[in-house]
Amino acid sequence: MNVTIEASGSVVIAYLIGEIDHHTAGAVRDKIDDAIMAKKPSHLIIDFRNVTFMDSSGIGLVMGRYRLIQSIMPTASLEIKNVTKQTKKIMELAGLGRIAIIKEQENEKN
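Here's what I pulled together on the structure shown here. Fair warning: this is a prediction, and the values are worked out from it, not measured in the lab.

Non-glycine residue Lys40 carries a positive phi angle of around 45 degrees. At Asn82, a residue that is not glycine, the phi angle is positive and equals roughly 60 degrees. The residue Asn82 is located in the loop between β4 (77–81) and α3 (85–93) in this model.

Structure (structure tokens):
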């Protein structure tokens, strides 16, 4: 698992690449957290376009990043984008739809 971070203004985008499981989630978490602490964004986007596998560690990864940005800026928002239809369903069942905007495709409105 790899992650590439982009920051522009008050937005941080984390592009996830590969598999998210309990072996890889820690390093990804640390890299995203470093960017959040350095940039203090009002909007965090986690892009799943290049994720090939995700277990429950992916849910924890998203929830933890939400808690962190909320602790820094209570009005901050989280967006999860480019997930598969199945991953979106799992995320919604886990309650992530209450804390984040979840988008299946780049051009999806919601």
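Taking 1.5 Å of rise per residue, 17 residues should cover 24 Å, and helix α2 (residues 56–72) covers 25 Å from first to last C-alpha, within 8% of that figure. Every buried residue of α2 is accounted for by Ser57, Gly58, Ile59, Leu61, Val62, Gly64, Arg65, Leu68, Ile69 and Gln70. Here the buried face of α2 lies against β2 (11–20), α1 (25–39), β3 (43–54), β4 and α3.

Another aspect to go through is α1. Taking 1.5 Å as the rise per residue, α1 with 15 residues should run 21 Å; its terminal C-alpha atoms sit 21 Å apart, in good agreement. Among the residues of α1, Ala25, Val28, Ile32, Asp33, Ala35 and Ile36 are the ones counted as buried. The arc that holds the buried residues of α1, viewed along the axis, is 160 degrees, so those residues lie on one side. Residues of α1 that are exposed and angled more than 90 degrees away from the buried face: Ala27, Asp34 and Ala38. Check the buried side of α1 and you find it contacts β1 (2–8), β2, β3 and α2. Once α1 ends, the next one or two residues include Lys40, with phi positive near 45 degrees.

What counts, and where the lines are drawn
- Each chain carries its own residue numbering, running from 1 in the written order of its sequence.
- Owing to the predicted nature of the model, reporting of local features is limited to residues with pLDDT of at least 70; listing and counting of side-chain atom pairs is limited to 80 or more, with chain, interface and lining totals taken over all residues.
- Only hydrogens and water are set aside when side-chain values are computed; all heavy atoms of the structure are taken into account.
- Only runs of H or I of at least four residues qualify as helices and only runs of E of at least two qualify as strands under DSSP, and these elements are numbered from the N terminus.
- Expected helix span is computed as 1.5 Å times (number of residues minus one).
- Using a 1.4 Å probe on the protein chains alone, a residue whose accessible area is under 20% of its type maximum counts as buried, one over 50% counts as exposed, and one in between counts as partly exposed.
- Note on contacts: a residue pair is in contact if any heavy atoms of the two residues lie within 4.5 Å.
- Arc, as used here, means the arc of the directions from the helix axis to the C-beta atoms.

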